[in-house]
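If you want the building blocks of each chain, they are given just below.
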Amino acid sequence: MIEPVKKWIIKHPDKQLFSQLQSELKMSAIATKILVARGCQTAEQAQALLSMDERALHDPFLMHSMDKAVARIEQALDNDEKILVYGDYDSDGITSTTVMMNVLIDLGADVEYIIPNRFIHGYGPNEQLFREAYERGVNLIITVDNGISGIEPIRVAKELGMDVIVTDHHEAGDTLPEADVIIHPRVPEGHYPYGDLAGVGVAFKLAHALYGEVPDHLFEYVAIGTIADLVPLTGENRYLVKQGLKHLQMSQNPWVNALSEVAGASQKDINEETVGFYFAPRLNAIGRLGEAAPGVEFLMSEDIATAKEYAKLLNTKNAERKDIVNSIMEEAIAQIEANDHIKNSLVLVVAKEGWNAGVVGIVASRLVEKYYRPTIILSLDPEKGTAKGSARSIEGFHLYNELAKNREILPHFGGHPMAAGMTLAAENVDVLRERLHVQAKQCLTEEHLTPKLFIDVPIELSEVTVEAIEEIRQLGPFGAEFAKPVFAFEQVKVSSMRKIGAKEDHLKLELEDEYGSIDAIGFSKGHLYNEISYGVELSFVGDLQINEWQNKKKPQFMIQDVQSNEWQLFDFRGKSQVSNWLAKIPIAQTDFVAFHANTAEYFEQLLQTTVQVVNNDMPELKPYIVLLDLPSNVDTLETLLQTGKPTRIYAHFYTPNSQYFSGMPTRQHFSWYYSFLKKRPAFNLKQHIQQLSQHIGLNIDVINFMTKVFFELGFVKIEDGLTTVVESAPKQALETASSYKARIAQIDLEQKLLYATYIELKQWLDERMN
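Keep in mind that what you see is a predicted model, and the values were worked out from it rather than measured.

1. Some remarks on helix 5 (residues 91-106)
- Taking 1.5 Å as the rise per residue, helix 5 with 16 residues should run 22 Å; its terminal C-alpha atoms sit 22 Å apart, in good agreement.
- For helix 5, the tally of buried residues reaches 14 of 16 residues, placing the bulk of the element in the interior.
- Phi for G108, located one or two positions after helix 5, is positive at around 80°.

2. Quick look at the layout of surface pockets
- Space inside the second largest pocket adds up to approximately 560 Å³.
- Along the walls of the second largest pocket sit 23 residues, with H596, T655, N657, Q659 and Q746 positioned nearest its centre.
- Elements with a minimum of two residues in the lining of the second largest pocket: helix 21 (597-607), helix 25 (700-712) and helix 26 (738-754).

3. Brief notes about the nonpolar core
- L104 and W255 are the most contacted members of the largest nonpolar core, which totals 73 residues.
- Setting aside residues up to four positions removed in sequence, L104 forms contacts with I73, I83, V85, A109, V111 and I142.

4. Describing the sheet that holds strand 24 (residues 683-684)
- Read from one edge of the open sheet, 3 strands run 24-26-25, paired in antiparallel fashion. Both outer strands of the open sheet, strand 24 and strand 25 (716-719), are each paired with one neighbouring strand and no more.
- Where strand 24 and strand 26 (residues 722-725) come together, 2 bridges link them in antiparallel fashion. Among the inter-strand pairings, N684 is bridged to a residue of strand 26, identified as L722.
- Of the strands in this sheet, strand 24, strand 25 and strand 26 are in contact with helix 23 (residues 667-678), which crosses strand 26 at around 105°.

5. Concerning the side chain of N237
- Along the chain, N237 turns up in helix 10 (residues 235-250).
- Here N237 falls in the buried class, since its relative accessible area comes to 0%.
- A distance of 3.2 Å separates polar atoms of two side chains, one belonging to N237 and the other to Y194.
- In this view, N237 contacts Y194, D196, L197, A198, T226, V231 and P232; residues no more than four positions away in its chain are not counted.

6. Overview of unusual backbone geometry
- Omega for the bond connecting V187 with P188 falls within 30 degrees of zero, at -5°, which places this linkage in the cis form.
- Tracing the backbone shows P188 in the loop between strand 6 (181-183) and helix 8 (199-211).
- The residue after G476, namely P477, is reached through a cis peptide bond having omega 5°.
- Of note in this structure, N551 is not a glycine but carries a positive phi near 65°.

7. Observations concerning helix 23
- Look at helix 23: 16 Å from first C-alpha to last across 12 residues, which is about the 16 Å you get at 1.5 Å a residue.
- Of the residues making up helix 23, those classed as buried are F670, Y673, F676 and L677. The arc that holds the buried residues of helix 23, viewed along the axis, is 125°, so those residues lie on one side. In this structure, helix 23 carries R667 and Q668 as exposed residues pointing more than 90 degrees from its buried face.

8. As for the environment of Y89
- Within the secondary structure, Y89 is located in the loop between strand 2 (82-86) and helix 5.
- Y89 gets classed as buried once you look at its relative accessible area, which sits at 7%.
- For the pair formed by Y89 and G122, sequence separation is 33 residues and the distance between their alpha carbons is 9.7 Å.
- Residue contacts for Y89: discarding those within four places in its chain leaves I94, I115, P116, R118, G122, Y123, N284, G287 and A292.

9. Examining the packing of helix 11 (residues 254-263) against helix 14 (residues 304-338)
- It is the contact of helix 11 with helix 14, at a shortest axis distance of 8 Å, that shows an interaxial angle of 40°. Compared by their axis directions, helix 11 and helix 14 come out oblique. Pair helix 11 / helix 14 crosses with right-handed handedness. Between helix 11, through P254, W255, N257, A258, L259, E261 and V262, and helix 14, the contact on the second element is made entirely by I304, A307, K308, A311, K312 and N315.

10. A closer look at the sheet that holds strand 8 (residues 375-381)
- One open sheet accounts for 5 strands, arranged 7-8-9-11-10; its pairing is mixed. The sheet is open, and its two borders are formed by strand 7 (348-353) and strand 10 (412-415), each paired with just one other strand. Sheet twist, expressed as the mean angle between neighbouring strand axes with direction ignored, is 15°.
- Here helix 16 (residues 360-371) sits on the sheet in contact with strand 7, strand 8 and strand 9 (386-392), set at roughly 50° to strand 9.

11. Notes on the pattern of salt bridges
- Applying the stated criterion across every chain yields a total of 39 salt bridges.
- One salt bridge connects K484 with E273, and the closest N-O pair in it is separated by 2.3 Å. Note that K484 is positioned in the loop between helix 19 (466-473) and strand 14 (487-500) and E273 in helix 12 (residues 272-289), a separation of 211 residues in sequence.
- Judged by relative accessible area, K484 falls into the partly exposed class, the value being 35%.
- A residue is classified by how much of its surface remains accessible, and E273, at 29% relative accessible area, is partly exposed.
- For K554, the salt bridge goes to D519, with nearest N and O atoms at 2.8 Å. Remark: D519 occurs in strand 16 (residues 516-522) and K554 occurs in strand 18 (residues 552-563); sequence separation between them is 35 residues.

Rules behind the numbers
Residues numbered from 1 in each chain as written. Predicted model: local features only at pLDDT ≥ 70, side-chain atom pairs only at ≥ 80, totals over all residues. Heavy atoms only, no water. Helix = DSSP H or I, 4+ residues; strand = E, 2+ residues; numbered from the N terminus. Expected span 1.5 Å × (residues − 1). Buried < 20%, exposed > 50% of the residue type's maximum accessible area, 1.4 Å probe, protein only. 1 Å grid on protein atoms, 1.4 Å probe; cavity = no way out; pocket = protein on both sides within 12 Å on 5 of 7 lines; lining within 4 Å. Points joined across faces, edges and corners; volume = space filled by probe spheres on them. Core = buried A, V, L, I, M, F, W, Y, C linked by side-chain atoms within 4.5 Å. Contact = heavy atoms within 4.5 Å. Pairing = 2+ DSSP bridges. Axes fitted to C-alpha atoms, helices over the stretch in contact; angles between N-to-C directions. Polar contact = N/O pair within 3.5 Å; in protein donor to acceptor, adjacent residues only side chain to side chain. Arc of directions from axis to C-beta. Parallel < 35°, antiparallel > 145°, perpendicular 65-115°, else oblique. Left-handed = near helix turned anticlockwise from the far one by under 90°. Salt bridge = Lys/Arg side-chain N within 4 Å of Asp/Glu carboxyl O.

So, in structure tokens, the structure goes:
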């Protein structure tokens, strides 16, 4: 048995719907399963998804107060008023700023931008920056990707005489800022056909309204900000990202080429994963560690030399960010493990002085993955007496709503159901932890706290082809609420397996069933080499890819997780070097079992560990057992298997005196030996056994055995080492001697357990286990 890392929830598609759609769409089985899993009920719905066009874009003037925002900006343009674009320091904020700067520059505005420094100014509107803007003569502030929670700074801006247009997508609180115009897809709730735009999506809608036509040249910025902010890739977002990715692949903008180069990506192959895993982290890094303005300058660079210089800076900052994250991660885990009060809380709240507040969100995400609990990571500032940081959550714990219940100790916070940022007094960190723990007890069940892996595309090996995988790519982009499929192969077997990599920490396998096979790779799965046994049915989850080598394409499966409900047999028979197989056994979960006291004593000295001796009283055993020797009889082993129900058996069956190959002497051998002894009264067997063995052609063990049988039946007597036939002994069958019976049983046991093939042994044990 192999336990998965997470609890698997496998949902099989409706067979009738699947067959109907596949027939109508003429698509591969795998692509059709994905469409069914993503909610397509008809061929028309599937075609709408596959052939999405400009009709997916909604009229920007459907957004509440868009006409007022456009009118106010046009007024500023007509009057040569100074405009400030006020952005945010993450990828969404940087791209939002870039979009707004592009449109305003194109329209001839007197415009500048500023992005707050997260360490100096914090998140969102900042009173000091607004006052400085006023001193520079700014008349109109346009916030992008922030502002909906900036109540006091916006009040100050209005008091100073500046107008404010807020464009944002974050959760709105009960009180809205006193801005002149608020452009928000959910404020008021339900007014706009699509409420899940990213900040850059909202900025794009305003740009669309200002241009009077769709600004195609801004799609690439929208794609990056939308993917990076993890908003749903449905509806309007889906169209924006799809178009943006196409534009990125063909873009002549120097920054696209420069970013692809430092990220090691091929521009023509840019997809949502390129953006999510390579582009966005580099843009995010600049704002996580300091000023985010270079990110905007990079995206607006007009020559390749400038673009490459900024790309190099982004790459350096990203490497620095990784090192900082790893360091904080180690310290946070150490703090959790050392403090039961923190560790036992349903909401992990960890704080320390000196942690970089710009990367704590990443650390929070990783800790959620490790502990599967809502997590808040805070950086303490002893001079200000504050704690600032980020939070990440799990399903069932709405972060924003739960934090909102603690407004009196959270003067600054904002975010979404699954992520949030906050600042509070350092003295309230423990209070917050206690409160959130109590709140979590009311809404989180044991089921909520069990990490799950949802698999909605189970597939067959026979369905996998290069063409099918290429067709899957056409269904993208994948992301939030249109998740990349997690594929599952159920009940397949491993036909070959080996460790790969310099440290042998990766695994290469071939999976097969009666209908097909596929190569599989498990990165960082080298440990499974000692957990997977041949012949066992296993299930694998992961991703399908195409492996291209020397212009040849082959399907390849990237393993994410594996499980098996079958018990497993690992064959260590005949392996005399104990150290070779001992290293493959998880000692903490394993009991070493012997059926004979002398075997137990031998292995306890050899292994320096306790060996359980099995006799009439069956010990309580761990799920994995090592059978060190052979039992005296089958019944003992059968009882052990049926009571212990081990999920993993390591068969060693140490047998120092194997009798299988010596065999059983025939009746002719017994008859000849009896006649031999009868002719030689008082025969000194010990002295002459070597010569006798050579003469008769039987080994010494067999001669001693026959002698023992004769003695037990009273056919001979042994006095002072001399063997003499008893002439008057009554006739008895050889088979009635206890030593004869024991040898027969021993040879039978050795045949079944020690010298059987792996398949025969597995089958024999299977029958006893069940």
